[in-house]
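Observations on the model geometry
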There are 2 protein chains.
Amino acid sequence: MAHYKLAFLGFGNVGKSFARLLLSKQTELHNLYALTYSITGIATASHGMAVDLDGIDLLRALKANEYQDFCKTTPPTSVEEWIDACEADVLFETTPVNYTTGQPAANYLRAALERGMHAITANKGPVVHAYQELKQIAASQGRYFLFESTVLDGAPIFSLFQRALPAAQLISFQGILNSTTNLILTKMGQGDEFNQAVKYCQNIGIAETDPSGDIDGWDAAVKVAALVTVLMGIPIKPSEVQRQGIRDITGQQVLQAAQEGKRWKLICSGEKQGKSVHAKVQPELVGVESLFYNIMGTSSLIQFRTDVLGQFSIIETDPGPDTTAYGLLSDFIYAVL
Amino acid sequence: MAHYKLAFLGFGNVGKSFARLLLSKQTELHNLYALTYSITGIATASHGMAVDLDGIDLLRALKANEYQDFCKTTPPTSVEEWIDACEADVLFETTPVNYTTGQPAANYLRAALERGMHAITANKGPVVHAYQELKQIAASQGRYFLFESTVLDGAPIFSLFQRALPAAQLISFQGILNSTTNLILTKMGQGDEFNQAVKYCQNIGIAETDPSGDIDGWDAAVKVAALVTVLMGIPIKPSEVQRQGIRDITGQQVLQAAQEGKRWKLICSGEKQGKSVHAKVQPELVGVESLFYNIMGTSSLIQFRTDVLGQFSIIETDPGPDTTAYGLLSDFIYAVL
């Protein structure tokens, strides 16, 4: 039986879903993987930081609003201090994404790896801005830097290639990778104007107050950059992805397309061209014979073309914070087994 | 650098495709996996058996029609003798499927495992008729019994669950798993009568002279039984799968469905019900909003519902012997690394 001390950096929707998943899978982890855990730290940006080496009561933490009350000693005054203090074996990072620099998350993940922790994130920023560096530090420490939850939520994409597709070379991919824009386009197909559809997504908590990260294609571009960087081995930045969002698509255009049996989709793609890659995000019209046609609401699709399998696609239907949480669990089990 | 001696039991379309794939991936296996190989045996039912411990020239073997000429000593007189004689580290079994007993393939795989070889097969029969036994022998020998190529050709299904979906419990699945019937229904949608469509599949080498294994749903039922047995941990036989084929579907019915915006598909499914399972194969009408609608020709789709990921689907587009061969390669690398 192996015991692991876990630290949560970020405790929003995804962090809390992961906490609930850990609780519900506790017996299974014990019986199937001979694995127990305790939570020694929780850190948030605006609700304080907790450290308790004896283990924080997760059920209590899930009901709390402030976390410094969980500290048995003086609360840390910075995230770096907190990382030191919680003496964890694994850091789970779920803070908001910074598209342009990946910071400060990348620095926190580096700090965790340098202290000998596994670093697991649901945050795309560090993957596109610091993948090579973090992977190298992890390797030199005999630890893992893992990020399954960053693309298609918790559905296996990176782990699929790394563990179930040996000797497969990725040639190109094409997909619907941003849930918010796909839901906006779906709502517009039901008669909403663009602004109404955006408001709907904000109301159900899918879109941010400033929705530009999604609708201008930044989130999609970061995912494309992550896939190209990790799966094709060609490090590119989001700014190198040719990018067009859905801001200029009108309700009129969507309804017109529907009359012609077509639907607008925000299509992400990457294609190897010699040693470089052509990566882009742009709205496209797809017909009823396309697999993309039936990807509605928050669902996602990605099609891969490899040298050994021809075309191979993965669809995730109606994901949520629970599926993102599963990606973190999957990474955790892989890292420690 | 590790060297492995490989033996091919069966050297038809799939065996030969695998041989070509091994040749084309030779440098990659060497450079990425520090792995070299030689072929010490090839056995066929009607073209003789070859044994050469110094390594058979694969390029020559791919052009040959008879294999006993490759023997440097007296050719073996039975498959068991051949298995002994080729002293392989890995046996690749690609003989024709026996739906009702899995024999004699299951016996050959057992013989290989008992001699300390990894046993890798593209043959569904042994998986549904001898999974528990072969898995146990493999475990007791510290070897692997692997069969990625048996469902959705070489697309990762078993390896996905075993390596990339830890702690995920499969609740149900639904899919189009038989390429021949899907191509027959596709051709009927283009105006063919049932018999014409069957003949087309026979002409292009997809359907057998006796096509009943496909059109009566046996192949699909065996795949369902394999998925239930391995991924749900509930051993069932193909005869326990409620089974209806496509023999009674007329060209008229298919065209009528098309007029209503629908398509006939042979749908396979399995659903856990407590400790048992409800498994079936039957033709169903699907509409334009279904993901099944766009799975045409020889393509396949499988949708999984798990406790952690909601609904998650895999599509393989236009597979062939090359994709089946990749499943064997993927199993090989996993077994020896």
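Residues numbered from 1 in each chain as written. Chains lettered and ligands numbered in written order. Predicted model: local features only at pLDDT ≥ 70, side-chain atom pairs only at ≥ 80, totals over all residues. Heavy atoms only, no water.

**A short note on the interface of chain B and chain A**
The interface of chain B with chain A comprises 42 residues on the first partner and 42 residues on the second. Roughly 3,400 Å² of surface becomes buried between chain B and chain A when both sides are summed, with 58% attributable to carbon and sulfur atoms. Counting across the interface, chain B meets chain A through 4 salt bridges. For the pair chain B and chain A, the number of links is 23 residue pairs in polar contact (both at pLDDT 80 or more). Within the side of chain B that touches chain A, the residues separate by chemical class into 23 nonpolar, 11 polar and 8 charged. Bridge analysis of strand S12 (residues 310–317) of chain A against strand S12 (residues 310–317) of chain B gives 7 bridges, and the strand direction is antiparallel. Residue pairing in the sheet places A:Ile315 in a bridge with B:Ser313 of S12(B). (Contact = heavy atoms within 4.5 Å. Buried area = accessible area lost by both parts, 1.4 Å probe. Salt bridge = Lys/Arg side-chain N within 4 Å of Asp/Glu carboxyl O. Polar contact = N/O pair within 3.5 Å; in protein donor to acceptor, adjacent residues only side chain to side chain. Nonpolar A, V, L, I, M, F, W, Y, C, P; charged D, E, K, R; others polar. Pairing = 2+ DSSP bridges. Helix = DSSP H or I, 4+ residues; strand = E, 2+ residues; numbered from the N terminus.)

**Section: the sheet that holds strand S4 (residues 90–93) of chain A**
Residue and element names in this part refer to chain A. The sheet built from 6 strands is open, its strands ordered S3-S2-S1-S4-S5-S6 with mixed pairing. Two strands bound the open sheet, and with one partner strand each, they are strand S3 (49–51) and strand S6 (145–146). The pairing of strand S1 (residues 2–9) with strand S2 (residues 35–43) spans 8 bridges and is parallel. Looking at S2, one finds that Ala7 is bridged to Gly41.

**Describing the pairing of S4(A)**
Residues and elements named next belong to chain A. The alternating pattern of S4 places Val90 and Phe92 on one face and Leu91 and Glu93 on the opposite face, and all of these are buried. Pairing between S1 and S4: 4 bridges, direction parallel. Bridge assignment links Leu9 to a residue of S4, and that residue is Glu93. With 4 bridges connecting them, S4 and strand S5 (residues 118–121) associate as parallel partners. When the sheet's bridge partners are listed, Leu91 is paired in S5 with Ala119. (Buried < 20%, exposed > 50% of the residue type's maximum accessible area, 1.4 Å probe, protein only.)

**Thoughts on the side chain of A:Thr298**
All names here are of chain A. You can see Thr298 is positioned in the loop between strand S10 (276–287) and strand S11 (300–306). The buried category is assigned to Thr298, whose relative accessible area is 12%. Among all residues touching Thr298, those that are not within four sequence positions of it are Ser179, Leu183, Ile206, Asp318 and Pro319.

**Comments concerning the nonpolar core**
Judged by nonpolar contacts, the single largest core of 237 residues is most densely connected at A:Phe8, A:Trp82, A:Phe332, B:Phe8, B:Trp82 and B:Phe332. For A:Phe8, the residues in contact, after removing those within four places along its chain, are A:Gly15, A:Phe18, A:Ala19, A:Leu22, A:Ile39, A:Gly41, A:Ile42, A:Ala43, A:Leu58, A:Trp82 and A:Phe92. (Core = buried A, V, L, I, M, F, W, Y, C linked by side-chain atoms within 4.5 Å.)

**Quick look at the sheet that holds strand S3 (residues 49–51) of chain B**
Residue and element names in this part refer to chain B. Read across the open sheet, the 6 strands follow the order S3-S2-S1-S4-S5-S6; overall the sheet is mixed. Two strands in the sheet have a free side with no partner beyond their single neighbour: S3 and strand S6 (145–146). Taken strand by strand, helix H1 (residues 13–24) contacts strand S1 (2–9), strand S2 (35–43) and strand S4 (90–93), and its axis lies near 160° from that of S1. Along the sheet, helix H4 (residues 79–86) contacts S1, S2, S3 and S4; its crossing angle with S3, the most-contacted strand, is approximately 20°. (Axes fitted to C-alpha atoms, helices over the stretch in contact; angles between N-to-C directions.)

**Focus: the pattern of salt bridges**
Inspection of every chain in the model, using the stated rule, returns 20 salt bridges over all chains. Ionic pairing is found between B:Asp307 and A:Lys25, a salt bridge with its closest N-O pair at 2.5 Å. Residue B:Asp307 is found in the loop between strand S11 (300–306) and S12, and its partner A:Lys25 is found in the loop between helix H1 (13–24) and helix H2 (26–33); the two belong to separate chains. In this structure, the salt-bridge partner of A:Asp219 is A:Lys223, at a minimum N-O distance of 3.0 Å. Within this pair, A:Asp219 and its partner A:Lys223 are both found in helix H11 (residues 218–231), separated by 4 residues, close to a single helical turn. Accessibility classification places A:Asp219 together with A:Lys223 in one group, the buried group.

**What to know about the pairing of S11(B)**
All names here are of chain B. Along S11, 6 of the 7 residues are buried, which leaves the element largely enclosed by surrounding structure. With 7 bridges joining them, S11 and S12 adopt antiparallel strand pairing. By the bridge assignment for S12, Gln303 is matched with Ser313. Linking two consecutive strands that pair antiparallel, namely S11 and S12, is a turn of 3 residues.

**Topic: unusual backbone geometry**
Across the junction of A:Gln103 and A:Pro104, the peptide omega takes the value 0°, indicating a cis bond. Counting through the fold element by element, A:Pro104 comes out in the loop between S4 and helix H5 (105–114). You will see that B:Ala34, though not glycine, has its phi angle at about 50°, which is positive. Its location among the elements puts B:Ala34 in the loop between helix H2 (26–33) and S2. Even without glycine at this site, B:Glu87 takes up a positive phi of about 45°. The residue B:Glu87 is located in the loop between H4 and S4 in this model.

**Considering the packing of aromatic side chains**
Here a ring pair, both rings aromatic, is described through the centre-centre distance and the interplanar angle of the planes. Counted according to the given criterion, the structure contains 26 aromatic pairs over all chains. Arranged with centres 5.1 Å apart and planes meeting at 55°, the rings of A:Phe145 and A:Phe147 form a pair that is tilted. Residue A:Phe147 is classed as buried on the basis of its relative accessible area of 4%. With centroids separated by 5.5 Å and ring planes inclined at 90°, the aromatic side chains of B:Phe11 and B:Tyr67 adopt a geometry described as edge-to-face. Placement of the pair is B:Phe11 in the loop between S1 and H1 and B:Tyr67 in the loop between helix H3 (58–63) and H4, with a sequence separation of 56 residues. Among the residues examined, B:Phe11 registers a relative accessible area of 5% and is labelled buried. When its relative accessible area of 3% is taken as the criterion, B:Tyr67 is described as buried. Among the aromatic residues, ring-to-ring pairing joins A:Tyr4, A:Phe8, A:Phe11, A:Phe18, A:Tyr67, A:Phe70, A:Phe92 and A:Phe332 into one connected group. The ring of A:Tyr293 carries A:Arg263 above its face, with NZ or CZ at 3.8 Å from the centroid. (Phe/Tyr/Trp six-rings, centres within 6.5 Å; stacked < 30°, edge-to-face > 60°. Lys NZ or Arg CZ within 6 Å of the ring centre and 35° of its normal.)

**Re helix H9 (residues 194–203) of chain A**
Residues and elements named next belong to chain A. Turning to H9, its buried residues number three or more, namely Phe194, Ala197, Val198 and Cys201. Taken around the axis of H9, the buried residues stretch over an arc of 100°, which confines them to a single face. Opposite its buried face, H9 presents the exposed residues Asn195, Lys199 and Asn203, each directed more than 90 degrees away. In this structure, the buried side of H9 is in contact with helix H8 (179–189) and helix H10 (212–215). The positive-phi residue at the C-terminal boundary of H9 is Gly205, with phi of around 85°. (Arc of directions from axis to C-beta.)

**Thoughts on the confidence of the model for chain A**
Averaged over chain A, the pLDDT score is 96; the fraction of residues at 70 or greater is 100%. This complex was scored by the predictor with a pTM of 0.96 and an ipTM of 0.95. (pLDDT = per-residue confidence, 0-100.)

**What to know about the environment of B:Ala226**
All names here are of chain B. With respect to the secondary-structure elements, Ala226 resides in helix H11 (residues 218–231). Judged by relative accessible area, Ala226 falls into the buried class, the value being 0%. With 101 residues separating them along the chain, Ala226 and Gly125 place their C-alpha atoms 8.8 Å apart. Those residues in contact with Ala226, other than ones at most four positions away along the chain, are Val127, Val128, Phe158 and Leu231.

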